[in-house]
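Residue strings, one per chain:
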Amino acid sequence: MNPKLITNSLINEEYFYMKHPSGLDVYVHPKPSYSSTYAIIGTDFGSINNKFRIKGEESYTVLPDGIAHYLEHKLFESQEGDAFKLFAKTGASANAYTSFEKTAYLFSCTQNFKQSLEILMNFVQSPYFTEENVEKESEIISQEIKMYEDSPDWKMLINLLKALYENHPINIDIAGTVETISKITPELLYKCYNAFYNFNNMALCIAGNVDPEKVFEIVNKNVKFSQPAEIEKYFPEEPEDVAQKSITEKFDIKSSMFNLGFKEHVAPLYRQSVKDLVYTDIILGCISSGTSPMYQELMQKELINISSFTSEYLNGQGYASIIFSGESKNPEKAAEIIRKHVDKIKTEGIDKKTFERIKKSVYGDFLSTFDSVKEVANLSLSCALSKNKIFEYTDILTSSCVEEANAMLHKKLNNENSALSMVVPKNE
């Protein structure tokens, strides 16, 4: 059980990797000059995983919406007590989250790392679900669901995903609804836990002032072995077209906001490669950076502001979309200009000078990730669960070319497959 040292001389970074006999992938990024350490353990189980079966089973299990998020909440509670209270005694700051793709549990600390890692390892292996505590949690999560329903930013994103996707469960709120979580039982939680919290479906990533050998010793002493389970996930076929072109919702806000999404057609079980991620980052830089013609026109016409305008690539198993977001006095006009520039850059292509400039900028952004123990550990987890290699990004980026970027443009951005989600003030 010897850890493997992985190095990248180009960015002068390294990490240690070990495939533990339990099936757990362990990544340690030592940062001796840092005072803090960040640890995160995650499972390849998110809100989109609402239909699955273990290999050998005849039928699929269909899950209530929101069960991955519900399980995240319940796992912090064990027969020994609340894990948050245990972390408080070590001085660590702990948290957890559920996304569309994964569930993760984490802590950061400047002292008592060994004790904190033992707490993390132990509580994710100690599920404790009863009729009483599951029912009690339902009340708590119902309040959280109502809180997100009152969030204009979140509602705008969920509405966009409903507009973009007809069938894929990415169009379902991560927390589910008050109605769907009422169907969650201890039996269903244990079924999900036994399938997805198998160490063969998980990864532990640590960055900071730690000794890799000691990390592996702690892991080895605190791991319970389980039989590997081969999970068969199900995602429905998704049409190429968007479900609807536009959704508007009124909120008690002062200025309008928008999300404009461009749907990429991908196979149900397809996960984006590192190459997809690299070229999409470059394309986004070319079309929406502060020096781009699109950004300049939006600013000159006062249709966006500097602090709110963003672009991102939302992607995962069976879905991928480029999304432009921001505040705007006229969201529809802003969307019209963005679509105009999408057509223009597809017709004219990205010029080599712009490509090389943005390529350097993307390289700098990626390099800065390694300045933060939090960022590098989270990136490490994302790569581990998607079966990508963290240093592959720089390898592909340095060899990227403008010709391939222009070819990718036509796959990634299609105005016919775009949708607009807006939230506007109630008085409009």
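Higher on the page you've got the structure.
As a starting point, this report considers the structure included with it. (Residues numbered from 1 in each chain as written. Predicted model: local features only at pLDDT ≥ 70, side-chain atom pairs only at ≥ 80, totals over all residues. Heavy atoms only, no water.)

To continue, consider helix H2 (residues 83–90). Every buried residue belonging to H2 is among Ala83, Phe87 and Thr90, and all of these are buried. Take H2 and look down its axis: the buried residues cluster within an arc of 55 degrees, on one side only. Residues of H2 that are exposed and angled more than 90 degrees away from the buried face: Lys85, Ala88 and Lys89. Summarising the contacts, the buried residues of H2 are in contact with strand E8 (81–82), strand E9 (93–98), strand E10 (103–109) and helix H3 (113–123). One side-chain oxygen of the residue at the start of H2 lies 2.8 Å from the amide nitrogen of Phe84, identifying that residue as Asp82. A positive backbone phi angle near 85 degrees is found at Gly91, which sits one or two residues after H2. (Buried < 20%, exposed > 50% of the residue type's maximum accessible area, 1.4 Å probe, protein only. Helix = DSSP H or I, 4+ residues; strand = E, 2+ residues; numbered from the N terminus. Arc of directions from axis to C-beta. Contact = heavy atoms within 4.5 Å. Polar contact = N/O pair within 3.5 Å; in protein donor to acceptor, adjacent residues only side chain to side chain.)

Turning our eyes to something else, we now look at a negative patch on the surface. Residues Glu131, Glu132, Glu135, Glu139 and Glu187 make up a contiguous surface patch of negative charge. If one sorts the elements of the negative patch by residue count, helix H4 (residues 131–149) sits on top with 4 residues. As for its placement among the helices and strands, Glu131 is situated in helix H4. (Patch = residues over 30% accessible without salt bridge, like charges linked within 9 Å, V, L, I, M, F, W, Y side chains within 5 Å. Areas by Shrake-Rupley, 256 points an atom, 1.4 Å probe, with all protein chains shown as cover. Salt bridge = Lys/Arg side-chain N within 4 Å of Asp/Glu carboxyl O. Lys, Arg positive; Asp, Glu negative; His and termini not counted. Charge placed at Lys NZ, Arg CZ, Asp CG, Glu CD.)

It is worth spelling out the packing of aromatic side chains at this point. The geometry of two aromatic rings is summed up by the distance between their centres and the angle between their planes. Within the structure shown, the criterion is met by 23 aromatic pairs. Residues Phe366 and Phe370 carry aromatic rings whose centres are separated by 5.4 Å and whose planes lie at 75 degrees to one another, so their mutual orientation is edge-to-face. Given the relative accessible area of 8%, Phe366 is considered buried. With a relative accessible area of 2%, Phe370 lands in the buried category. Each residue in the set Phe76, Phe84, Phe87, Tyr105, Phe107, Phe113, Phe123, Tyr193 and Tyr197 is aromatic and connected to the rest through ring pairs, giving one cluster. One cation-aromatic arrangement involves Lys51 over Tyr60; the distance from NZ or CZ to the ring centre is 5.6 Å. (Phe/Tyr/Trp six-rings, centres within 6.5 Å; stacked < 30°, edge-to-face > 60°. Lys NZ or Arg CZ within 6 Å of the ring centre and 35° of its normal.)

Let's shift gears to the packing of helix H1 (residues 67–75) against H4. Contact pair H1 / H4: the axes reach a minimum separation of 10 Å and the direction vectors enclose 120 degrees. As judged from the angle between their axes, H1 and H4 are oblique. Where H1 crosses over H4, the handedness of that crossing is right-handed. Along the contact surface, H1 presents His69, Tyr70, His73 and Lys74, while H4 presents Asn133, Val134, Glu135, Glu137, Ser138, Ile141 and Glu144. Within the contact of H1 with H4, the residues separate by chemical class into 3 nonpolar, 4 polar and 4 charged. (Axes fitted to C-alpha atoms, helices over the stretch in contact; angles between N-to-C directions. Parallel < 35°, antiparallel > 145°, perpendicular 65-115°, else oblique. Left-handed = near helix turned anticlockwise from the far one by under 90°. Nonpolar A, V, L, I, M, F, W, Y, C, P; charged D, E, K, R; others polar.)

Phe258, Leu298, Phe309, Phe324, Ile338, Ile350 and Leu413 are the most contacted members of the largest nonpolar core, which has 64 residues in total. When residues of this core are assigned to their parent elements, the largest contribution, 8 residues, is made by helix H9 (residues 274–288). Setting aside chain neighbours within four positions, we find Leu413 in contact with Phe262, Ile283, Ile287, Ile322, Phe324, Val342 and Lys346. Formed by 57 residues, the second largest nonpolar core is a distinct cluster that contains Ala96, Tyr105, Leu189 and Ile206. (Core = buried A, V, L, I, M, F, W, Y, C linked by side-chain atoms within 4.5 Å.)

Interpretation in functional terms is not warranted from these geometric data alone.
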